[in-house]
Amino acid sequence: SFNKKEHNYYLNSYLGFVFQEYNILKDLNLKENISLSLEIQGIKTKIAKRKINKIIEEVELTGLEKRKVSQLSGGQKQRIAIALKILLIETKLQKD
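Residues numbered from 1 in each chain as written. Predicted model: local features only at pLDDT ≥ 70, side-chain atom pairs only at ≥ 80, totals over all residues. Heavy atoms only, no water.

Concerning helix 3 (residues 45-58)
Heads up, the rule is: Strands are runs of DSSP state E lasting at least two residues, helices are runs of H or I lasting at least four, and both sets are numbered from the N terminus onward. To estimate the expected span of a helix, subtract one from its residue number and multiply by 1.5 Å. Exposure categories follow from relative accessible area, calculated using a 1.4 Å probe and restricted to protein chains: below 20% of the type maximum is buried, above 50% is exposed, and the middle band is partly exposed. In this context, the arc is that of the directions from the helix axis out to the C-beta atoms.
Over its 14 residues, helix 3 extends 20 Å from the first C-alpha to the last, a length consistent with the 20 Å expected when each residue adds 1.5 Å. Within helix 3 the residues assigned to the buried category are Ala48, Lys51, Ile52, Ile55 and Ile56. Relative to the axis of helix 3, the buried residues are bounded by an arc of 125° and lie together on one face. Residues of helix 3 that are exposed and angled more than 90 degrees away from the buried face: Lys46, Lys49, Arg50 and Glu57. At the C-terminal side of helix 3, glutamate 60 shows a positive phi close to 60°.

As structure tokens, this is what we get:
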């Protein structure tokens, strides 16, 4: 049985949620959204650049890096949200 703190840690570390609203910043482009997420997580710039390029390729958004979120389809926005969640989980696993 988890206490509240353990429960929240488990949910944030091992489960991924992709909300319908995607929780991405509409004024930024695809690459800026991912970059901001990594910056908040404390990932160094050189490492972040590699991770950004790799995750954009993995979610099949290559060539759309400079497009504003408002110019992307719903499916493309969802893939950004998935990419952000994957990076968050990877970072947490590396810190554990």
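Re the packing of helix 2 (residues 30-40) against helix 3
Operational definition: Fitted lines through C-alpha atoms give the axes, limited to the stretch in contact for helices. The angle between two N-to-C directions lies from 0 to 180 degrees. Roughly parallel means an angle under 35 degrees; roughly antiparallel, over 145; roughly perpendicular, 65 to 115; everything else is oblique. Each crossing gets its hand from how the near helix is turned against the far one by less than a right angle, where anticlockwise is left-handed and clockwise is right-handed. In this description, contact between two residues means that some pair of their heavy atoms is separated by no more than 4.5 Å. Only Asp, Glu, Lys and Arg are considered charged in this grouping, and only Ala, Val, Leu, Ile, Met, Phe, Trp, Tyr, Cys and Pro are considered nonpolar; every other residue, Gly among them, is considered polar.
Put simply, helix 2 and helix 3 touch, their axes get as near as 10 Å, and they point 130° apart. The angle between the axes of helix 2 and helix 3 places the two elements in the oblique class. With respect to the hand of their crossing, helix 2 and helix 3 are arranged in right-handed fashion. On the side of helix 2, the interface is formed by Leu30, Lys31, Ile34, Ser35 and Leu38, while helix 3 contributes Ala48, Lys51, Ile52, Asn53, Ile55 and Ile56. Of the residues assigned to the contact of helix 2 with helix 3, the class counts are seven nonpolar, two polar and two charged.

Description of the nonpolar core
The condition is simple: Put simply, a nonpolar core is a bunch of buried Ala, Val, Leu, Ile, Met, Phe, Trp, Tyr and Cys residues held in one set by side-chain atoms that sit within 4.5 Å of each other.
Ranked by size, the top nonpolar core spans 18 residues in total, and within it Leu30, Ile34, Leu38, Ile55, Ile56, Leu61 and Ile80 carry the most contacts. For this core, the elements supplying multiple residues, two or more each, are helix 2, helix 3 and helix 4 (74-95). Not counting chain neighbours up to four residues away, the residues in contact with isoleucine 80 comprise Ile24, Leu30, Leu61 and Leu72.

With respect to the confidence of the model for the chain
The condition that has to hold: Known as pLDDT, the predictor's confidence for each residue is given on a scale from 0 to 100.
Residues at a pLDDT of 70 or more form 90% of the chain, whose mean pLDDT is 86. Highest mean pLDDT in the chain belongs to helix 3 (94); lowest belongs to helix 1 (residues 4-14) (80).

Notes on a nonpolar patch on the surface
Cut-off, in case you're wondering: To count toward a patch, a residue needs a relative accessible area above 30% and no salt bridge. Like charges then connect within 9 Å, nonpolar side chains (Val, Leu, Ile, Met, Phe, Trp, Tyr) within 5 Å. Method for areas: the Shrake-Rupley scheme with a 1.4 Å probe, in which residue coverage is limited to the protein chains shown. What counts as a salt bridge is simple: a side-chain nitrogen of Lys or Arg found within 4 Å of a carboxyl oxygen of Asp or Glu.
Residues Phe2, Tyr9, Tyr10, Tyr14 and Leu93 make up a contiguous nonpolar surface patch of roughly 540 Å² in combined accessible area. The element that contributes the greatest number of residues to the nonpolar patch is helix 1, accounting for three residues. Under the relative-accessibility criterion, tyrosine 14 is labelled partly exposed at 45%.

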